[in-house]
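Fold and geometry: a report
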Amino acid sequence: DDAFDEQCDYLFKAVLIGDSGVGKTNLISRFAKDEFRLDSKPTIGVEFAYRNIKVMEKLIKAQIWDTAGQERFRAITSSYYRGALGAMLVYDITKRATFVNVRKWLHELREFGGDDMVVVLVGNKCDLVQSREVEKEEGKGYAETERLCFMETSALQNQNVEEAFIEMITKIH
Ligand code: GTP
């Protein structure tokens, strides 16, 4: 709200990237509005969400950018990354191909993103235990090699979503 905006210590821009269908839009809506949709449509172009949050005694306005995972729906890449201090690189633990593509996303991020951007690798849909194709240790190991933070989340069950965003915001400081 307005009162909060006036008192805000920082405005942080963060972006979500990753293949289509991994759950980027639902992670954002869970964090910003505590909402989840089973029937969400692919994102076209770019969308935003905001959430005001207090982290380590600072009032932060988090501006979260959501873009299409599908190439044909993507907007101009350089403007998407411009000014972003944090990024969440999301894959789906039930689809190995989305984990394999993390390398490609990281490449794009390093090309267009700022040098000291905080990156959290997120393995989403950890509620789908029966269909798991990527072990947690594998995600964690890859994150360590690439010096990224790591978290497994479920936007559906609201597991670790808040934690993943807070981890990113905290590391930005
Ligand atoms: P694009 O906009 O195409 O890039 O996709 P996206 O990454 O934004 O994925 P989206 O949030 O639209 O979710 C895709 C599908 O996965 C939807 O049917 C969601 O309901 C479902 N989904 C998202 N997160 C979870 C989760 O944590 N668990 C489960 N079981 N399903 C999820």
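Presented here is an overview of the structure given in this document. In this text, all values refer to a predicted model and were calculated from it rather than measured experimentally. (Residues numbered from 1 in each chain as written. Predicted model: local features only at pLDDT ≥ 70, side-chain atom pairs only at ≥ 80, totals over all residues. Heavy atoms only, no water.)

Side note on the overall build of the protein
Rules: Where helices and strands are cited, they refer to DSSP runs of H or I of at least four residues and of E of at least two residues respectively, numbered from the N terminus. Note on method: radius of gyration uses C-alpha positions; expected globular size equals 2.2 Å times residues raised to 0.38. Each residue is assigned to one of three classes by its accessible area relative to the maximum for its type, calculated with a 1.4 Å probe on protein chains only: buried under 20%, partly exposed between the two thresholds, exposed over 50%. For this analysis, residues touch if any pair of their heavy atoms sits within 4.5 Å. Values of accessible area rely on a 1.4 Å probe in the Shrake-Rupley scheme; residue burial ignores everything except the protein chains shown. His residues and chain termini do not enter the charge count, which takes Lys and Arg as positive and Asp and Glu as negative. Throughout, a charge is located at the NZ atom of Lys, the CZ atom of Arg, the CG atom of Asp or the CD atom of Glu.
A count of helices and strands for the protein gives seven helices and six strands. Helices and strands in the protein line up, N terminus first, as α-β-α-β-β-α-β-α-α-β-α-β-α. Taken over C-alpha atoms, the radius of gyration comes to 15 Å for the protein, in line with the 16 Å a tight globule of 173 residues would show. Dimensions of the protein, computed from the C-alpha atoms along their principal axes, are close to 45 × 35 × 30 Å. Across the 173 residues that make up the protein, the buried fraction comes to 49%. Considering only intrachain contacts with a sequence separation of at least 6, the fraction spanning at least 24 residues in the protein is 74%. Here the protein has roughly 9,200 Å² of accessible surface; of this, 48% comes from carbon and sulfur atoms. Between the mean site of the 24 positive side-chain charges and the mean site of the 29 negative ones, the protein shows a separation of 3 Å.

So, the packing of aromatic side chains
Here is the rule: Stacked, edge-to-face and tilted are the three classes for Phe, Tyr and Trp ring pairs, Trp counted by its six-membered ring, which pair at centre distances within 6.5 Å; planes under 30 degrees apart are stacked, over 60 edge-to-face, the rest tilted. A ring is considered to have a charge above it if a Lys NZ or an Arg CZ atom is located within 6 Å of its centre and within 35 degrees of its normal.
Summed over all chains, the structure comprises eight aromatic pairs. Each ring, one from Trp-65 and one from Tyr-80, has its centre 6.0 Å from the other, and the planes form 70°; the classification is edge-to-face. Here Trp-65 is found in strand β3 (residues 58-67), whereas its partner Tyr-80 is found in helix α3 (residues 77-81), with 15 residues between them in sequence. Residues Tyr-80 and Tyr-81 carry aromatic rings whose centres are separated by 5.6 Å and whose planes lie at 80° to one another, so their mutual orientation is edge-to-face. Owing to a relative accessible area of 2%, Tyr-80 belongs among the buried residues under this scheme. The exposure class assigned to Tyr-81 is buried, which follows from its relative accessible area of 1%. A network of ring pairs unites the aromatic residues Phe-48, Trp-65, Tyr-80, Tyr-81 and Phe-112 as a single cluster. One Lys or Arg, Lys-13, reaches over the ring of Trp-65 and ends 3.5 Å from the middle of that ring.

Some details on the side chain of Glu-152
Test applied: Polar contacts, as used here, are pairs of N or O atoms within 3.5 Å; protein pairs need one atom able to donate a hydrogen and one able to accept it. Residues neighboring in sequence count only if both atoms are side-chain atoms.
Relative to the helices and strands, Glu-152 is located in strand β6 (residues 149-152). Residue classification places Glu-152 among the buried residues on the basis of a relative accessible area of 7%. Side-chain polar atoms of Glu-152 contact the side chain of Arg-132, separated by 2.9 Å. Setting aside residues up to four positions removed in sequence, Glu-152 forms contacts with Ile-93, Gly-123, Cys-126, Arg-132, Val-134, Glu-135, Lys-136, Gln-159 and Asn-160.

A closer look at the pairing of β6
The condition that has to hold: Strands qualify as paired when DSSP identifies two bridges or more between them. Clockwise travel from the first strand over the helix to the second, with the strands pointing away from the viewer, marks a crossover as right-handed.
Burial of β6 is two-sided: the residues Cys-149 and Met-151 facing one way and the residues Phe-150 and Glu-152 facing the other way are all buried. As defined by bridge partners, strand β5 (residues 118-124) adjoins β6 across four bridges and the pair is classed as parallel. Counterpart to Leu-121 in the pairing with β6 is Phe-150. The parallel pair β5 and β6 is bridged by helix α6 (residues 136-145), and the resulting crossover is right-handed.

Some words on the site of the ligand
Test applied: Throughout, the term near means that a residue has one or more heavy atoms lying within 4 Å of the molecule or strand in question. A 1.4 Å probe that fits into a set of points on a 1 Å grid over the protein atoms alone but cannot get out defines a cavity; an open set with protein on both sides within 12 Å along at least five of seven lines defines a pocket, and lining residues are those with an atom within 4 Å of a point. The way we define it, a molecule is inside a pocket or cavity when more than half of its atoms are within 2 Å of that pocket's grid points. Amino acids outside the nonpolar list (Ala, Val, Leu, Ile, Met, Phe, Trp, Tyr, Cys, Pro) and the charged list (Asp, Glu, Lys, Arg) are all regarded as polar, and Gly is one of them.
In the vicinity of the ligand, 24 residues are found, and the nearest of them are Ser-20, Lys-24, Arg-37, Thr-43 and Gly-69. Between the ligand and Leu-156 there is a distance of 3.2 Å, counted from an oxygen atom to a backbone nitrogen or oxygen. Using a 2 Å cut-off from the grid points, one finds that the ligand occupies the largest pocket. With three residues, the top contributor of residues to the shell around the ligand is helix α2 (residues 24-33). Residue composition of the shell around the ligand, by class: eight nonpolar, 11 polar and five charged.

Re the nonpolar core
Most often, soluble globular proteins keep nonpolar side chains buried together rather than apart. Just so we agree on the cut-off: Take the buried residues of types Ala, Val, Leu, Ile, Met, Phe, Trp, Tyr and Cys, join any two whose side-chain atoms come within 4.5 Å, and each joined set is a nonpolar core.
Residues Leu-16, Ile-64, Met-88, Phe-165, Met-168 and Ile-169 are the most contacted members of the largest nonpolar core, which totals 27 residues. Elements with a minimum of two residues in this core: β1 (10-17), α2, β2 (46-55), β3, β4 (86-92), β5, β6 and α7 (161-172). Among the elements that make up this core, the one with the highest residue count is α7 (six residues). Setting aside its immediate chain neighbours within four residues, Met-168 contacts Ala-14, Gly-86, Ala-87, Met-88, Val-118 and Val-120. Ranked by size, the runner-up nonpolar core spans 24 residues in total, among them Ile-17, Tyr-81, Val-134 and Ala-143.

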